[in-house]
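# Working through the structure, step by step
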Protein chains: 2
Amino acid sequence: MSASNISINGQRLLADLYRLREFGTFKTGVHRPTYSEVDIASRHWIAEQMRSAGLEATIDGIGNVIGRAAGPGPKILLGSHSETQNEAGWLDGALGVMYGLEVARTLAEQGRPGAIDVASWADEEGHYMSFPGSRSFIGELTETEIDASKNRYHGKPLRQALAEGGLAGLPRLQVEPGRYRGYIEAHIEQGDDLEAHDLKIGVVTSIVAIWQYRIRIEGVQNHAGTTRMAIRKDAGAAMVRLATAIEATFPKVCAERSVWTFGRMTLEPGAPSIIPGAAEAYFQFRDAEPAVLDRMHTTLEGLIAEANAAGPCQVSLHIVGRSTPVKSDPALMAALDRGAEKHAPGLWQRMPSGAGHDAQYLAKVMPSAMLFVPSIGGISHHWTEDTADADIVLGCQVLAAACADLLDQG
Amino acid sequence: MSASNISINGQRLLADLYRLREFGTFKTGVHRPTYSEVDIASRHWIAEQMRSAGLEATIDGIGNVIGRAAGPGPKILLGSHSETQNEAGWLDGALGVMYGLEVARTLAEQGRPGAIDVASWADEEGHYMSFPGSRSFIGELTETEIDASKNRYHGKPLRQALAEGGLAGLPRLQVEPGRYRGYIEAHIEQGDDLEAHDLKIGVVTSIVAIWQYRIRIEGVQNHAGTTRMAIRKDAGAAMVRLATAIEATFPKVCAERSVWTFGRMTLEPGAPSIIPGAAEAYFQFRDAEPAVLDRMHTTLEGLIAEANAAGPCQVSLHIVGRSTPVKSDPALMAALDRGAEKHAPGLWQRMPSGAGHDAQYLAKVMPSAMLFVPSIGGISHHWTEDTADADIVLGCQVLAAACADLLDQG
C-alpha cells in the first residue's frame, strides 16, 4: 500500500482524545499537573491503549510512557506529553501522543506493522523541572537533579511525587541507538499564525530558544503608614521600575519574532500595610537567533546593573535555563511537506515554533521535526484552548502519510 | 499621692512583655496571627494577668480581652492589641496592652484603686477585617459582617476561626456609656521620627486616614512563546504600567507626609511560560487631610480611566476601606504633655500617627489620645522591630503620670 492511500480513523482518534480529557476535566479544558493522581491514572490509561495497539508499553522511573513496536525494521518515534499546565487546555501535548497511537494503529492495520513507537514524555510543562522526560530518555537527566527538584507551585519534592505515583525505583528507559529513522512531534500551534492565514498545517522549521530567569530584589520591609516615602527601600516599587525599563528597552534590541514575559511577580510579605521587603519575578525571552538572545541577555544584565547603581534596593539575576535554537531535519520536513500537500493542498506552510517542545531534546540523538495544527484564536495554556475536530483529524492524516512516506524510503 | 510621685515597676513591665513574646516567638520577633492557637493562648494569659491585677477579665465573642476595674469613680480605658502581623515584631500592640496592665497595677498599689480598665482589641492587624475588636466594642460591628469575613491570607471563615478559638456564641462586650474619662493607647512609633530627633516620647495629635483599594486587571491568558508581542493582552504588563503612572503622578498631588504603597501584586496564573490573564494588587495611601485624600483618590481614578482608554486590558478599582483622619482630645494630650515634660523633659514632641490604630474607633465614643515611644531604626511589621528597654519603661512612666494627673482633675 503506498503512502498516499494510508487513511487514519478520525472518529477513533477523537474518541481517544475525548477520553483522555476526562482525566482532570476543568471547564472545557483540563487540570492534570505532572504526577498528580489524575496524571498518574492517565499514564496507566495511555499504556493500556498502547498495549491494545500491539505495542509493548512501559511507564518508567521518571513517568515517561513508552510504547515499543515489536519486530525488526526501521522505526519512527512519535510522541509529545500528556500532563497539562494548571487549569489549561485539553490538546497541548495530548494531541501528539494520541496522534502517535492512531498512526501506530493505522499503519499496523494498513500493511506496515511494527514501524511506530509512541512516547508520552513526563513533565514537558515543567511543574518540577525543564523537560525531565525527554532529557531522561536521551541520557541527560541525572539522579542528583531529581534529588534536588521540587514542584514549582507547591514545593513537593520530586522524589516524593515519584514515590506517591508508584514510580520510585523503576528503571528509566533510554533511547536504543540506531533504532529510529527519526522523531516527529505533532502539536497545536498555540499561536494565531495558521488561523490568521487560513492554513491547516504548519511544518516546523526550528524551535526557538527560551532563556528563563528568576529576578530577586531585596529591600527593607517596613510599615506602610509610618515610613516616609523618601527613606523607603520598597522592593515592589523597584521591581516595577525594572519591568518598566525592560519594556522600554527590549523593543530596541529584539528581532521581529522575539517575545518576553513576566509570568510571575510576588511581593513579600504581600500584606496591604507592609512595604515589601523583597520581590521576586519569573522573566523569560525567546528567539530563534543566538545573536538576538545574547543581545537581550546583555541588555537585561545592563538594566539590572543600572538599577543596582541607582538603588535603594539590590537586584540579583538567577539563570533558570537557557536553551539553544533547534533546526528541524530536512528529510523529515520534506516528508511532512508532501503529506501536507497531499491532504491539505495549498493550506500549509513552513514556520518556526515559538514554544519549546520535547523535540528539541530528541533532536540531539536523532533526526527530528514537528507538525502544527491551528489553535482557535491562538489560545493555549488556558482552559478555552481548542482546535476544530476536522483540523485535528486532518493533522493526524498528514502525519500518518508522512510516516508511511518515510518508511517507504526504507 | 500626687501624680508626679507615681512610679511604675519597670522590671515587672518588661518581664510581662518578655513572657508575652513567648507566645509565637519568631526569631527575635513574634508570629501570632489573630485567632491562631498561640493567639488564643495569649489572650487567656492576658486575662489571667488582668485578674492578678484585680480586674474582672472577660474574653468576649470577637476575642477582645477586657479587664474592668471594680467599684465606683471615674475610669480611664487603656489598651491596644495583642495579635501580630505575620512574622512581625514583639511590641506592635503588645506594648500598649502591657502598659495598661502595669498602669492599672501601679495606680491600685499607689493610692488610686479601681481607676483603670484595660483592653486588648481583637485583630487590629486585619487578618480578617478592619479593626473588628474596637468596632465591636463601640457597637459598629454587625453579625452579618462577621458571617461574611474570611482570613485575608488563607481564606478561613471568621466564624470557623472563632469556633476553633472557643469564642463562638460568647456575648460581645460594648462600651458602658459614661464610664470613661477617656481612652489612651500607647504604641511604638513604627517610624524613625523620634529616633532621628533624639526624642523619647511622641504625643499623638491625629491619626491619618488610610484609603485602601484592590485593583484588578483583566487581560487574556496565553502562551508566552507563541503569542506575538503586538497582540498580547498581558495583565501583568498593564499592572506595571499603572503602577509606573501612579509613581510618576502621585508626588505632584500629595502633601508632605502623604504615603502610598503597593503591598501586594499577583499575576494569574503565575507560571513562567504563561502570559498573565489577570493581575491583582492591594494599593493604599494615607494622609491626615481630607482634601489631600480626595485629590489622591481622584488622581487614581483618572489614571485608571486613562489606562482603560489606552487598552488593551481592563482595569477595575475596588474600594476596600476609606477611614477619616481622627484628632486627639486636647485635655488628654495636655495630660500626656505634662507627663512627658515631667519624666522626659525636652525629649518629647507632638506628632501625627501615620498608622491606623484602634484609638480612631474609640474616639467615636469617648475622648481619645495616643502616646508613642521610639522604634529602633524606624522598623516595624518585621521581626527585627524593637525599642530600647529604657524607652519602654519611660513611656509607661509617662502614661502612668498622665493617668494619675487626669484622675486628679476628677
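Each chain carries its own residue numbering, running from 1 in the written order of its sequence. Chains and ligands are labelled by the order in which they are written, letters from A for the one and numbers from 1 for the other. Local features in this predicted model are restricted to residues whose pLDDT is 70 or higher, and side-chain atom pairs enter the listing and the counts only when it is 80 or higher, whereas totals over whole chains, interfaces and linings include all residues. To obtain the side-chain values, all non-hydrogen atoms of the structure were included, while hydrogens and water were left out.

### A look at the interface of chain A and chain B
Each partner contributes residues to the interface: chain A has 49 residues there, and chain B has 49 residues. Each of two parts loses accessible area, computed with a 1.4 Å probe, when they are put together; buried area is these two losses added. For the pairing of chain A and chain B, the buried interface totals around 4400 Å² over both sides, and the portion due to carbon and sulfur atoms is 55%. By salt bridge we mean one thing: a side-chain nitrogen of Lys or Arg within 4 Å of a carboxyl oxygen of Asp or Glu. Between D192(B) and R228(A) there is a salt bridge, and its shortest N-O distance comes to 3.5 Å. Any pair of N or O atoms that falls within 3.5 Å is considered a polar contact. Within protein, one atom must be able to donate a hydrogen and the other to accept it, and sequence-neighbouring residues count only if both atoms are side-chain atoms. Where chain A touches chain B, the interface holds 25 residue pairs in polar contact (both at pLDDT 80 or more). Secondary structure elements with two or more residues in the side of chain A that touches chain B: β10 (222-223), α8 (235-253), β11 (259-268), β12 (274-275) and β13 (278-287) of chain A. Secondary structure elements are taken from DSSP: a helix is a run of H or I of four residues or more, a strand is a run of E of two residues or more, and numbering for both begins at the N terminus. In terms of residues, the side of chain A that touches chain B owes the most to one element, β11(A), which gives 9 residues. Throughout this entry, Asp, Glu, Lys and Arg are counted as charged residues, while Ala, Val, Leu, Ile, Met, Phe, Trp, Tyr, Cys and Pro are counted as nonpolar. The remaining residues, Gly among them, count as polar. Each residue belonging to the side of chain A that touches chain B can be placed in one class, and the counts come to 19 nonpolar, 23 polar and 7 charged. The contact criterion used throughout is that any non-hydrogen atoms of two residues lie within 4.5 Å.

### Brief notes about the pairing of β13(A)
The side chains of a regular strand alternate, residue by residue, between the two faces of the sheet. Residue and element names in this part refer to chain A. Taken across its 10 residues, β13 has 10 buried, putting it largely inside the fold. Every second residue of β13 is oriented toward a common face, with A278, E280, Y282, Q284 and R286 on one face and A279, A281, F283, F285 and D287 on the other, all of them buried. Note: two strands are recorded as paired if DSSP finds a minimum of 2 bridges between them. Relative to β13, strand β9 (residues 209-218) runs antiparallel, the two being bridged by 10 bridges. By the bridge assignment, E218 is partnered in β13 with A278. Relative to β13, β11 is paired through 9 bridges, and the arrangement is antiparallel. Looking at the pairing, L267 lines up with A279 of β13. Each residue gets one of three labels from its accessible area relative to the maximum for its type: buried under 20%, exposed over 50%, partly exposed in between, using a 1.4 Å probe on protein chains only.

### A closer look at the domain arrangement of chain A
All names here are of chain A. Along its sequence, chain A is carved into domain 1 (3-208 + 325-408) and domain 2 (209-322). Spacing between the C-alpha centres of domain 1 and domain 2 amounts to 34 Å. With 13 residues of domain 1 at the contact, the number on the domain 2 side is 12 residues. Of the roughly 840 Å² buried at the junction of domain 1 and domain 2 (both faces included), carbon and sulfur atoms supply 54%. Summed over the shared surface of domain 1 and domain 2, the number is 0 salt bridges. Our count for the domain 1 to domain 2 interface comes out at 1 residue pair in polar contact (both at pLDDT 80 or more). Considering only residue class, the side of domain 1 that touches domain 2 consists of 6 nonpolar, 4 polar and 3 charged. The source of the domain bounds is an automatic or database domain assignment.

### With respect to helix α12 (residues 389-408) of chain A
The span expected for a helix works out to 1.5 Å for each residue beyond the first. Over its 20 residues, α12(A) extends 29 Å from the first C-alpha to the last, a length consistent with the 28 Å expected when each residue adds 1.5 Å. For α12(A), a buried count of 16 out of 20 residues is recorded, marking the element as mostly surrounded by other parts of the structure.

### Side note on the sheet that holds β9(A)
Pairing between sheet strands relies on hydrogen bonds along the backbone, with the strands arranged either parallel or antiparallel. Residues and elements named next belong to chain A. Spatially, β11-β13-β9-β14 is the arrangement adopted by the 4 strands of the open sheet, whose pairing is antiparallel. Among the strands making up the open sheet, the edge pair consists of β11 and β14 (314-322). Strand after strand, the sheet turns through a mean of 15° between neighbouring axes, direction not considered. Contacts from α8 reach β9, β11, β13 and β14, with the element oriented near 175° to β11. In this description, a line fitted to the C-alpha atoms serves as the axis of each element, helices being fitted only across the stretch in contact, and the angle between N-to-C directions of two axes falls anywhere from 0 to 180 degrees.

### Some points on the relation of the copies chain A and chain B
When the copies are superposed, the least-squares fit draws on C-alpha atoms of residues that have pLDDT of at least 70 in both. The two copies are related by a screw motion: chain A maps onto chain B through a turn of 180° and a shift of 0.1 Å along the axis, at an RMSD of 0.1 Å. Each copy turns onto its partner about a two-fold axis.

### A look at unusual backbone geometry
Residues and elements named next belong to chain A. Backbone torsion omega between G311 and P312 reads 0°, so that peptide bond is classified as cis. Inspection of the secondary structure assignment puts P312 in the loop between α9 (290-310) and β14. Even without glycine at this site, Y35 takes up a positive phi of about 70°. Looking at the element boundaries, Y35 is found in the loop between β2 (29-30) and α2 (37-52).

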